[in-house]
Amino acid sequence: MQTDLLPPPADGRVRVMLTLPFAGPLDYLVPPALATARPGDIVTVPLGRRTETGVIWDATSSLPPEFMPPPQKEVPASRLKPVAARLDLPPLPAQLRQFVDWVAAYTLSPPGMVLAMALRANALAAPPRPASGWVAASPLPTGLRLTPPRQKVLDAVSASPLSTGDLARQARVSTAVIRGLAQAGALNAVEITPPPPFATPDPAHCPPQLGGEQAQVAAELRARVTEDAFSITLLEGVTGSGKTEIYMEAIAACLDAGRQALVLLPEIALSAQWTGRFGRRFGAEPALWHSELGSRLRRLTWRAVADGTARVVVGARSALFLPFDQLGLIIVDEEHETAFKQEDGVTYHARDMAVVRARMSRAPVILVSATPSLESLANVGAGRYRHLRLTARHGNATMPEVQTLDMRADPPERGLFLSPVLTGAINDAIGRGEQAMLFLNRRGYAPLTLCRTCGHRMQCPNCTAWLVEHRARHILTCHHCGYDEPIPQTCPKCADTDSLTPIGPGVERITEEARATFPDARILVMASDTLNGPAATAAAVERISRREVDLVIGTQIVAKGWHFAHLTLVGIVDADLGLGGGDLRASERTVQLLHQVAGRAGRAEAPGRVLLQSYVPDHPVMQALVSGDFASFMQQEAEQRRPGFWPPYGRLAALIVSADTPDAADMTARALGQNAPQLDGVQVLGPAPAPLAILRGRHRHRLLLRARRNIAVQPIVREWLSRVRPERGARIDVDIDPVSF
Ligand code: ADP
Ligand code: ZN
């Protein structure tokens, strides 16, 4: 662990990083009363007429030279203001400060905006005040008048103090009775020590019996954790092979070593099932961290991570910015998921930044997936990552049989979307008392509404996108900006009535068809817009596990790592859906997503079956899903990307120009094009209309900078941006390592 004993500079200046979009920390003076202030201390400082919160930053940067931001002008000491106060909070650990600097430099974001993620949302406010509760005085005051309600209260008080409200409820009396007893000296107020919210997990609580290859892989992972050094391991294993079971053994080793562990999940909806499972293994729940955490719990958690009482944290990508002081292991589950990429504000990839964080903590990182990203496989190929594999499902479970249904040869009836073979298979599964699942990665009723008379398509007024019908909510809505309008009765263009027709299916429409086709089936819809929040998701999952559901219909939320023991049939309504759009990564992503969905089938005794409805059953993606041979598929993907130095064989940065007028967007994009860097091994593609040419009313162009792997793109992009001034109303956003290209 690093110590923070850097004294403030001799002239009494300190650098304070504010959570504002400045290029770096600002200089302040240290007043004599704060002479002991150290880097990491959280302080308030004056800024103009306001008071801002910030962190005393290190005097020197730990960044590699190519990442170093340009030096800032020094302000003369006479113009500096003093630091106002130091807050009574645990200091931000040196590793976290270093990480903030690193993420900012890598993503070309203002470091203050990265720091804002580390200090997020009132993590800093005062700690919740301890409540007080009542215990009986002993002995009771002599001459106490004992009415029946008072007796009830005295019967209800116990050794552990109860709050006024709780005591009144338990005794079934009014709070006045309690106040009266207290005044009479029969009750004493004591401070309630809240139950420790972060109980210590016990590595020996309930370890699993590991089979042959499982035991071997677990031993390898334990060895990584105990060697107390930075390392990267890719844990690849088919769905249901026990990856989760096994990485929990790595967590056990980390706990044994007295260090903290961090587990990143791509989707917070998964956390309920995950924490339950963790609790059964370790006898205590982990700390949770995500954007929906209440503010009280957020403060408690932040502190518990800082002071080490939270031993294991499971969370979304933002958990990387928690103030761990003894981080001994990071696990990134479902590492291939694009949800790990934050797309707005600071655009960072949590998987990649997890590797950086682990390196700074000299800790191992384990990337886990059934279908690893091409990035991780390439890193394995280049010898940078270790590779551990689980090849078989646990116990008697076998991999599901995957089959394509050629929709050209066996089409559904007119106006329907499920082919007879698929509906037959669902009927059979339900008839056997098993569960089935239909997957379609599209919310709403229909993705397009078209006028049969004039051909008009209902479009978003703010985006280059069609409006999606959500029939249950009686609206057409844009999935990009949230715009909505009532479903019109007449065509807005030709005014014909009853001519507007929904084209194509969303889950709502599939549900409608399923209800008509399987009238007796108990159907549950799992879509991100019908399940609001982790609790609703957990309840849905619970119902499936209790076999209160015959047919699950869902969007990508059903693809996640759920374990449904009685689910034997998975039907993919439109396996071709992700393949359009001209994104080089489309095939890789489709395989990962569909394999993940397919992996929900047959996870226990009964064998599983997966049916893919496709118009291109010979496509390499369908072939890979049928054969299960992902290694060859990924090999082919690699061969396509290698020659052009596309990621992961080269580096990529996207510059998105957006403006409120087409002209401003155009001119700024052209200026970027004209000033494009001319360097060996670097190429600029574009400007071209961005994938969403208009988004939220802003006109967008994109330029891609592609470079050989050994070239750092950050200084090049920084220099490039310094030569171009955006037009009025225009903005340039940088996305290092964009996930689509
Ligand atoms: P994955 O993460 O690879 O999909 P899981 O870890 O979820 O696999 O394991 C699949 C199922 O098999 C889970 O119900 C898990 O509890 C069970 N399982 C896996 N390995 C073991 C084991 N060694 N002992 C008992 N149950 C196991
Ligand atoms: Zn829109």
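Keep in mind that what you see is a predicted model, and the values were worked out from it rather than measured. Counting from 1, residues in each chain are numbered in the order their sequence is written. Each chain is given a letter, starting from A, and each ligand a number, starting from 1, according to the order in which they appear as written. Reporting of local features is limited, given that this is a predicted model, to residues whose pLDDT is at least 70; pairs of side-chain atoms are given and counted only at 80 or more, and all residues count toward the totals for whole chains, interfaces and linings.

**What to know about the packing of helix α3 (residues 148-156) against helix α4 (residues 164-171)**
For any two helices packed against each other, one specifies the crossing angle of their axes together with the interaxial distance. In this analysis, axes come from line fits to C-alpha atoms, helices being fitted only over the stretch in contact, and the angle between any two N-to-C directions falls in the range 0 to 180 degrees. Where helices and strands are cited, they refer to DSSP runs of H or I of at least four residues and of E of at least two residues respectively, numbered from the N terminus. Look at α3 against α4: their axes get within 9 Å of each other, and the N-to-C directions meet at 115°. Taken as axis vectors, α3 and α4 run roughly perpendicular relative to one another. The element α3 and its partner α4 pack so that their crossing is right-handed. Of the residues in α4, those touching α3 at K152, V153 and A156 are L167, Q170 and A171. Classification used: nonpolar for Ala, Val, Leu, Ile, Met, Phe, Trp, Tyr, Cys and Pro, charged for Asp, Glu, Lys and Arg, polar for all others including Gly. Class assignment for the residues of the contact of α3 with α4 results in 4 nonpolar, 1 polar and 1 charged. Every angle not falling under 35 degrees, over 145, or within 65 to 115 is termed oblique; those three ranges are roughly parallel, roughly antiparallel and roughly perpendicular. Take the far helix as the reference: if the near one is turned anticlockwise from it by less than a right angle, the crossing is left-handed, and if turned clockwise, right-handed. Throughout, a residue-residue contact means that the two C-beta atoms, derived from backbone geometry, are no farther apart than 7 Å.

**Some words on the UniProt feature "binding site: Zn(2+) 2" (unreviewed entry) in the protein**
UniProt tags C460, C463, C478 and C481 as "binding site: Zn(2+) 2" (unreviewed entry). Of the residues just listed, which span 22 residues, no C-alpha pair is farther apart than 8.7 Å, and they cluster in one region. One can find C460 in the loop between β17 (448-451) and β18 (468-470). If sequence neighbours within four positions are ignored, C460 has contacts with A465, L467, C478, H480, C481 and Y483. Inspection of the secondary structure puts C481 in the loop between β19 (475-477) and β20 (484-486). Each residue is classed by its C-beta neighbour count within 10 Å, where at least 20 other C-beta atoms makes it buried, 12 or fewer makes it exposed, and intermediate counts make it partly exposed; the C-beta atoms are placed from backbone geometry. For C481, a count of 18 C-beta atoms within 10 Å corresponds to the partly exposed category. Excluding its chain neighbours within four sequence positions, the residues that come into contact with C481 are C460, N462, C463, L695 and R696. UniProt positions are given in the numbering used here, feature names are shortened, and annotations may be inferred rather than shown by experiment.

**Some thoughts on the sheet that holds strand β11 (residues 312-315)**
Whether parallel or antiparallel, the strands of a sheet pair through hydrogen bonds between backbone atoms. Across the sheet, 7 strands lie side by side as β10-β11-β9-β12-β13-β8-β14; this open sheet has parallel pairing. Each of the sheet's edge strands pairs with one partner strand only, and the pair in question is β10 (287-289) and β14 (386-390). Looking at each pair of strands side by side, their axes are set apart by 20° on average, direction ignored. For two strands to pair, DSSP has to find at least two bridges joining them.

**Thoughts on the pairing of β11**
Residues V312 and V314 point to one face of β11 and V313 and G315 to the other, with burial holding for every one of them. The pairing of β10 with β11 spans 3 bridges and is parallel. Bridged to A287 within β11 is V313. Crossover handedness is defined by viewing with both strands directed away from the observer: a clockwise path from the first strand over the helix to the second marks the crossover as right-handed. Note on the crossover from β10 through helix α9 (residues 295-307) to β11: the handedness is right-handed.

**Looking at the site of ligand 1**
In the vicinity of ligand 1 lie 16 residues, with G242, K243, T244, E245 and H394 positioned nearest. Of all the elements, helix α7 (residues 243-256) adds the most residues to the shell around ligand 1, at 3 residues. Nearness rests on one distance test: the residue's C-beta atom, set from the backbone, must lie within 6 Å of the molecule or strand.

**Some words on the sheet that holds β20**
Taking strand neighbours across the sheet as the criterion, the 3 strands line up as β18-β19-β20 in an open arrangement whose pairing is antiparallel. Across the chains shown, the open sheet's two edge strands, defined by having one partner strand only, are β18 and β20. Taking the axes of each pair of neighbouring strands and ignoring which way they run, one obtains an average angle of 30° across the sheet. By the bridge criterion, 3 bridges tie β19 to β20 in an arrangement that is antiparallel. What sits directly across from I475, in β20, is P486.

**Thoughts on the UniProt feature "domain: Helicase ATP-binding" (unreviewed entry) in the protein**
Those residues carrying the UniProt feature "domain: Helicase ATP-binding" (unreviewed entry) are residues 224-390 in this numbering. Counted over residues 224-390, helix gives 37% and strand 22%. Its end C-alpha atoms are 17 Å apart.

**Observations regarding the nonpolar core**
When buried Ala, Val, Leu, Ile, Met, Phe, Trp, Tyr and Cys residues are joined through C-beta atoms within 7 Å, the set is termed a nonpolar core. Membership of the largest hydrophobic core comes to 181 residues, with the highest contact counts inside it found for V16, Y247, I251, V313 and A354. A total of 9 residues in this core trace back to one element, the largest contributor, which is α7. Leave out the neighbours within four places in its chain, and V313 touches L262, P286, A287, W289, V305, A319 and L322. Counting residues in hydrophobic clusters, the runner-up holds 11 residues, among them V157, L162, A171 and I178.

**A few points about the packing of helix α11 (residues 374-381) against helix α17 (residues 630-641)**
Running from amino to carboxyl end, α11 crosses α17 at an angle of 90°, the nearest separation of the two axes being 11 Å. The angle between α11 and α17 falls in the class roughly perpendicular. Touching L374, L377 and A378 of α11 are M634, E637 and A638, all from α17. Residues belonging to the contact of α11 with α17 are distributed by class as follows: 5 nonpolar, no polar and 1 charged.

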